[in-house]
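Coordinate inspection notes
Below, each chain spelled out in residue letters.
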Amino acid sequence: MRFLSLPAWMHPAPDSLVARSVAKGKSPWVDAVHLLWTAWLFITPVFDRDAWNLRWVVLTLASYPLFLWLYAMCCLASRRASRTYAIGMVLLCMGLLPWYPSAMTYFVFGCVMLRVCGMRLRAYLLTLVGLNMALLAEAWLLHYPWQATFTIPIVTLIIGLIVNAERTSEEKDAELRLSHDEVRRLAATAERERIGRDLHDLLGHTLSLITLKLELSRKLFDRDSEAARREMSEAESVARHALAEVRAAVTGIRATDLAAELASARLLLGASGVHLDYQLPALQLPEHVERALALVIREASTNIVRHARASEAKIALSVEGADVLLQIGDNGRGALVLEGNGLAGMRERVRGIDGALQIDSPAGRGTCLRVRVPVPSARLAHAALRESVRAAAPSLDATGRSAA
């Protein structure tokens, strides 16, 4: 959001309330809605028949613009500087109190904005007690009726605690988003490093061997053309073998999408205090199916963190006949009624691979997602893998020793 058309004093500081709202995608004017509470300036005189007089009109016209400027500066200034403007609201109230009872509205705003400015809760509560004691003392000296002032400490304390809870929740959400971004960044970095090591180990020796054979064939070209042709033929054979290995490696890298997404989900859920139990057998799935299932795992794990309020989650992949079954469950609050963009995207991906998505979400008993995809080749690959493992493993007797 750009503010080039605003006066210089209205440009928000980087850590201001307005800048934080803009960073969250909100309007810079969102905090102006709280000014609706200034309606109490006009309601307070209702309790005094003689309050709506010329003095009230003059003091309102003189003080309200100053209050609006102080409130705007609380929202635009940095955290440290905004405290000065919040205290300014309190002083404005105490200065006008001998002639202007409506000024107590300014006092409430000043007390609330002190917490918005970023004070620690303990310091804020102590400051709040001190300011309210000063206000009550002044009201007593001015012979205000107790009915007019006893609610002020209660209102400032309740609103201050509510604002504190909201700010604490926003800070925790910001920390959680940063930790999730860091988890994904570390997972991506680890995957790039693994791919780099695999390619180095795969191609380093092979390319060095091809280079040596080509150099040797160049040196032998004039003296022994037959030997040179033999070396070049061997270099060509090594190159073809290397190409086959690279293709196999790329296939393996693509096939790790599901495992990599599962590792990322484990880190993501772990950072949010959710224990993940998962079962991922060795399956050779078509690339488009594996990509779709990986995206389903990503979206489901994100939904668990954001909405489920769960402490445990489970992801299981299995083969049932000619189908692959992916189950993702949690022990959260359940009661999923409306499907947002995330679940709608899941359904589209699952439909794109001719699969079916079923959601079971009873209230208070968690949510379970079941994705069933027909993949006949997975059954064959699973069976072939089992047979190869059985053939390679030595037969064991009942005591666990080799029966050979």
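Everything discussed here concerns the structure shown above.
Here the structure is a predicted model, which means the values were calculated and not measured.

1. Quick look at empty space enclosed by the protein
What the rule picks out here adds up to two cavities of 30 Å³ or more. Quantified by volume, the second largest cavity comes out at close to 30 Å³. As for the second largest cavity, its lining consists of Leu-258, Leu-262, Gln-279, Leu-280, Ile-297, Ile-315, Leu-317 and Leu-326. Elements supplying a minimum of two residues to the lining of the second largest cavity: α10 (257–271) and β2 (312–320).

2. Side note on the packing of helix α4 (residues 79–96) against helix α6 (residues 121–141)
Where α4 contacts α6, the two axes come as close as 10 Å, and the packing angle between them is 10°. Here α6 runs roughly parallel to α4, going by the angle between their axes. Along its contact with α4, which presents Val-90, Cys-93 and Met-94, the element α6 presents Leu-131, Ala-134, Leu-135 and Glu-138. Its residues assigned to classes, the contact of α4 with α6 shows six nonpolar, no polar and one charged.

3. A closer look at the environment of Ala-316
Turning to its location among the elements, Ala-316 is positioned in strand β2. Sequence-wise, Ala-316 and Pro-281 are 35 residues apart; in three dimensions their C-alpha atoms are separated by 8.8 Å. Leaving out residues up to four positions away in the same chain, Ala-316 has contacts with Gln-279, Leu-325, Leu-326 and Gln-327.

4. Some details on the sheet that holds strand β3 (residues 323–330)
Taken together, the five strands give an open sheet; going across it, the order is β1-β2-β3-β5-β4, and neighbouring strands pair in mixed fashion. Single-partner strands in this sheet number two, and they are β1 (275–279) and β4 (356–360). Between one strand axis and the next, the sheet turns through 10° on average, direction left out of account. In this structure, β1 lies alongside β2, joined through five bridges in parallel fashion. In the strand pairing of β2, Gln-279 is matched with Ala-316. With respect to the sheet, helix α11 (residues 287–308) is in contact with β2, β3 and β5 (367–374), its orientation differing from that of β3 by roughly 10°.

Rules used throughout
- Residues numbered from 1 in each chain as written.
- Predicted model: local features only at pLDDT ≥ 70, side-chain atom pairs only at ≥ 80, totals over all residues.
- Heavy atoms only, no water.
- 1 Å grid on protein atoms, 1.4 Å probe; cavity = no way out; pocket = protein on both sides within 12 Å on 5 of 7 lines; lining within 4 Å.
- Points joined across faces, edges and corners; volume = space filled by probe spheres on them.
- Helix = DSSP H or I, 4+ residues; strand = E, 2+ residues; numbered from the N terminus.
- Axes fitted to C-alpha atoms, helices over the stretch in contact; angles between N-to-C directions.
- Parallel < 35°, antiparallel > 145°, perpendicular 65-115°, else oblique.
- Contact = heavy atoms within 4.5 Å.
- Nonpolar A, V, L, I, M, F, W, Y, C, P; charged D, E, K, R; others polar.
- Pairing = 2+ DSSP bridges.

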